[in-house]
Amino acid sequence: MQKPASTDFPVHDLIRDRWSPRAFAGKPVEPALLASLFEAARWAPSSNNEQPWAYLVATNDDAENFAKTLSVLVEFNAGWAKNAPVLALAVSRLNFQSNNTPNRNAFYDTGAATALLSVEATARGLLVHQMAGFDHVKAKLVFEIPLDCEPIAAIAIGYPGDPDSLPQKLRDREVAPRTRKPLAEFVMSGRWGHTSPIVSR
Ligand SMILES: Cc1cc2nc3c(=O)[nH]c(=O)nc-3n(C[C@H](O)[C@H](O)[C@H](O)COP(=O)(O)O)c2cc1C
């Protein structure tokens, strides 16, 4: 299934075609293909080139690691994410490695890395669904994540599946059109709340 964005201005096909499914096909993801997604994340820009991100990855052929990752998701997310062939946790290092002072851009940079990962996935016929709905305290414990690192998001990765494989409520959401705020609400110039002429028509 495809859910292309309905845009007011043209964007690259990869941006248009990325979306967050809950139905995944059973097909496994080739390890080399999966590695390309993390390669894309690797080349994200970051403050001071700190690269504060890390990913804990679990493929469903590694039952123990996969179950461990699933166990940190909230029930709602675990319900559908269990069918994705790959799960991951995006983690941020909160302090600069050089001097151990706080890196206020750590979350921002980790999000940027995961955004690139998502675009690379789209280019390769895969889709990514990020999740805030997980127990970050439990994740720190079960994955032995150091104190100065914070799990930011869980991630499901796989090939798009059949919406009919989902329970009714999720199926309805799966096939519903994707929506966004208008550009005029968030592209401003001069002062807060003043829509930039760039996007006003
Ligand atoms: C940081 C983050 C956390 C999210 N958390 C969840 C979640 O816990 N469960 C879920 O089903 N979707 C979650 N989503 C998916 C969003 O709901 C989805 O990206 C949004 O509705 C836009 O849809 P689209 O990605 O298909 O364009 C999350 C997305 C992001 C980026």
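The sections below set out a description of the structure shown in this document. (Residues numbered from 1 in each chain as written. Predicted model: local features only at pLDDT ≥ 70, side-chain atom pairs only at ≥ 80, totals over all residues. Heavy atoms only, no water.)

**What to know about the site of the ligand**
So, step 1. What surrounds the ligand is a group of 14 residues, the closest being Ser20, Arg22, His129, Ala132 and Arg180.
So, step 2. In this structure, a nitrogen atom belonging to the ligand sits 2.8 Å away from a side-chain N or O atom of Asn77.
So, step 3. The protein chains hide 64% of the 620 Å² of surface that the ligand would expose on its own.
So, step 4. At the level of secondary structure, the elements contributing two or more residues to the shell around the ligand comprise α4 (75-81) and β3 (127-131).
So, step 5. Broken down by class, the residue content of the shell around the ligand amounts to five nonpolar, five polar and four charged. (Near = heavy atom within 4 Å. Polar contact = N/O pair within 3.5 Å; in protein donor to acceptor, adjacent residues only side chain to side chain. Areas by Shrake-Rupley, 256 points an atom, 1.4 Å probe, with all protein chains shown as cover. Helix = DSSP H or I, 4+ residues; strand = E, 2+ residues; numbered from the N terminus. Nonpolar A, V, L, I, M, F, W, Y, C, P; charged D, E, K, R; others polar.)

**Focus on the packing of aromatic side chains**
So, step 1. Overall, the coordinates contain one aromatic pair when judged by the stated rule.
So, step 2. Ring centres 5.3 Å apart and planes at 55° place the aromatic pair Phe38 and Tyr55 in the tilted group. Linking Phe38 in helix α2 (residues 31-42) with Tyr55 in strand β1 (residues 53-59), this pair joins segments that are 17 residues apart in sequence.
So, step 3. By relative accessible area, which is 19% here, Phe38 ends up buried.
So, step 4. Assessed through its relative accessible area of 16%, Tyr55 is described here as buried. (Phe/Tyr/Trp six-rings, centres within 6.5 Å; stacked < 30°, edge-to-face > 60°. Buried < 20%, exposed > 50% of the residue type's maximum accessible area, 1.4 Å probe, protein only.)

**Here we look at the sheet that holds strand β4 (residues 149-158)**
So, step 1. Pairing is antiparallel in the open sheet, where four strands are placed in the order β1-β2-β4-β3. In this open sheet, the two strands that pair with only one neighbour each are β1 and β3. Between one strand and the next, the sheet's axes are offset by a mean angle of 25°, whatever the strand orientation. (Pairing = 2+ DSSP bridges. Axes fitted to C-alpha atoms, helices over the stretch in contact; angles between N-to-C directions.)

**Quick notes on the nonpolar core**
So, step 1. Membership of the largest hydrophobic core comes to 24 residues, with the highest contact counts inside it found for Leu73, Trp80, Leu87, Leu89, Met131, Phe134 and Ala156.
So, step 2. Not counting residues up to four positions away in its chain, the partners in contact with Ala156 are Phe24, Trp80, Ala84, Val86, Leu87, Leu127, Val128, His129 and Met131.
So, step 3. One finds Leu34, Leu37, Ala44 and Tyr159 within the second-largest nonpolar core, a separate group that totals 20 residues. (Core = buried A, V, L, I, M, F, W, Y, C linked by side-chain atoms within 4.5 Å. Contact = heavy atoms within 4.5 Å.)

**Topic: the environment of Pro102**
So, step 1. Relative to the assigned elements, Pro102 resides in the loop between β2 (86-93) and α5 (106-123).
So, step 2. Along the backbone, Pro102 and Asp148 are 46 residues apart, and their C-alpha atoms lie at a distance of 9.5 Å.
So, step 3. Discounting residues that sit within four places of it in the chain, Pro102 has contacts with Leu94, Asn95 and Phe96.

**Considering the packing of α2 against α5**
So, step 1. Look at α2 against α5: their axes get within 7 Å of each other, and the N-to-C directions meet at 140°. Relative to α5, the element α2 lies oblique. Read as a crossing pair, α2 and α5 show a hand that is right-handed. For the pair α2 and α5, the contacting residues are Ser36, Leu37, Phe38, Ala40 and Ala41 in the first and Ala113, Leu116, Leu117, Glu120 and Ala121 in the second.
So, step 2. The residue inventory of the contact of α2 with α5, partitioned by class, reads eight nonpolar, one polar and one charged. (Parallel < 35°, antiparallel > 145°, perpendicular 65-115°, else oblique. Left-handed = near helix turned anticlockwise from the far one by under 90°.)

**Some points on the side chain of Glu150**
So, step 1. The residue Glu150 is located in strand β4 in this model.
So, step 2. Excluding residues within four positions of it along the chain, Glu150 makes contact with Ala90, Val91, Ser92, Leu94, Phe107, His136 and Lys140.

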